[in-house]
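Next come the chains, spelled out residue by residue.
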Amino acid sequence: GAGGKTSLFVFHLPGHWSEADLETHFKPFGTLLRTTVQRGSNGLSRGFGFVAYARSEEASMALSSMNGFQVEGKKLKVSLKTGASANTPGAAAKEQAKMIATKMPGIMEAS
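Residues numbered from 1 in each chain as written. Predicted model: local features only at pLDDT ≥ 70, side-chain atom pairs only at ≥ 80, totals over all residues. Heavy atoms only, no water.

**Concerning the overall build of the protein**
Of regular secondary structure, the protein possesses three helices and six strands. Put simply, the protein runs from its N terminus to its C terminus through helices and strands in the order β-α-β-β-α-β-β-β-α. The 111 residues of the protein split such that 28% are buried. Look at the contacts in the protein between residues 6 or more apart in sequence, and 61% of them connect residues 24 or more apart. On the protein, roughly 6900 Å² of surface is accessible, and the fraction owed to carbon and sulfur atoms is 58%. (Helix = DSSP H or I, 4+ residues; strand = E, 2+ residues; numbered from the N terminus. Buried < 20%, exposed > 50% of the residue type's maximum accessible area, 1.4 Å probe, protein only. Contact = heavy atoms within 4.5 Å. Areas by Shrake-Rupley, 256 points an atom, 1.4 Å probe, with all protein chains shown as cover.)

**Regarding the nonpolar core**
Counting residues in hydrophobic clusters, the biggest one holds 17 residues, and the most contacted among them are Val-10, Leu-22, Phe-26, Val-51, Tyr-53 and Leu-76. At the level of secondary structure, the elements contributing two or more residues to this core comprise strand S1 (7-11), helix H1 (19-26), strand S2 (32-39), strand S3 (45-53) and helix H2 (56-66). Those residues in contact with Leu-22 that lie beyond four places of it in its chain are Val-10, Leu-13, Trp-17, Thr-35, Thr-36, Val-37, Phe-50 and Val-51. (Core = buried A, V, L, I, M, F, W, Y, C linked by side-chain atoms within 4.5 Å.)

**Focus on the sheet that holds S3**
In spatial order, the strands read S2-S3-S1-S6; together these four strands make up an open sheet with antiparallel pairing. Bordering the open sheet on either side are S2 and strand S6 (77-80), each of which pairs with just one other strand. Adjacent strand axes in the sheet meet at a mean angle of 20°, parallel and antiparallel pairs treated alike. Examined bridge by bridge, S2 and S3 share six bridges and lie antiparallel to one another. Within S3, the position partnered with Thr-36 by the bridge is Phe-50. (Pairing = 2+ DSSP bridges. Axes fitted to C-alpha atoms, helices over the stretch in contact; angles between N-to-C directions.)

**Let's talk about the packing of aromatic side chains**
One pair of aromatic rings is described through two measures. These are the centre distance and the angle between the planes. Summed over all chains, the structure comprises four aromatic pairs. Ring plane angle 25° and centroid distance 5.6 Å describe the contact between Phe-9 and Phe-11, whose orientation is recorded as stacked. A relative accessible area of 25% means that Phe-11 is categorised as partly exposed. Aromatic ring contacts, followed pair by pair, group Phe-9, Phe-11, Phe-48 and Phe-50 into a single cluster. (Phe/Tyr/Trp six-rings, centres within 6.5 Å; stacked < 30°, edge-to-face > 60°.)

**Some details on the side chain of Glu-58**
Note that Glu-58 resides in helix H2. When residues no more than four places from it in sequence are discounted, the contact partners of Glu-58 are Phe-29, Gly-30, Thr-31 and Tyr-53.

**Observations concerning H2**
Those residues of H2 that sit buried are Glu-58, Ala-59, Ala-62 and Met-66. Buried residues of H2, viewed axially, fall in a sector of 100°; they line one side. Contacts made by the buried residues of H2 are with S1, H1, S3 and S6. Of the residues trailing H2, Gly-68 is marked for its positive phi of about 85°. (Arc of directions from axis to C-beta.)

Shown next as structure tokens:
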């Protein structure tokens, strides 16, 4: 459905960026439902994240405006996070598995 076209992958994030930084840069384009910075088990940014918009038009506007955006010597790479409609279901499933794995808290965090 149309809902699948509202999420964007954002790569090459500056290491210190948080969800708040993502929000600051991406909220001019529309209503953000969610911003996420992927972090490793050490809690440090893995250099990429996601933004989800309420409407696909907003997501495409953000995509065309922010892809290649220069920030702190890096160039952001923004791409559409395709849903189940992707031509490569295997890759999507693998990506999903990776996402689930990164969401599970590490055993080391208790120390």
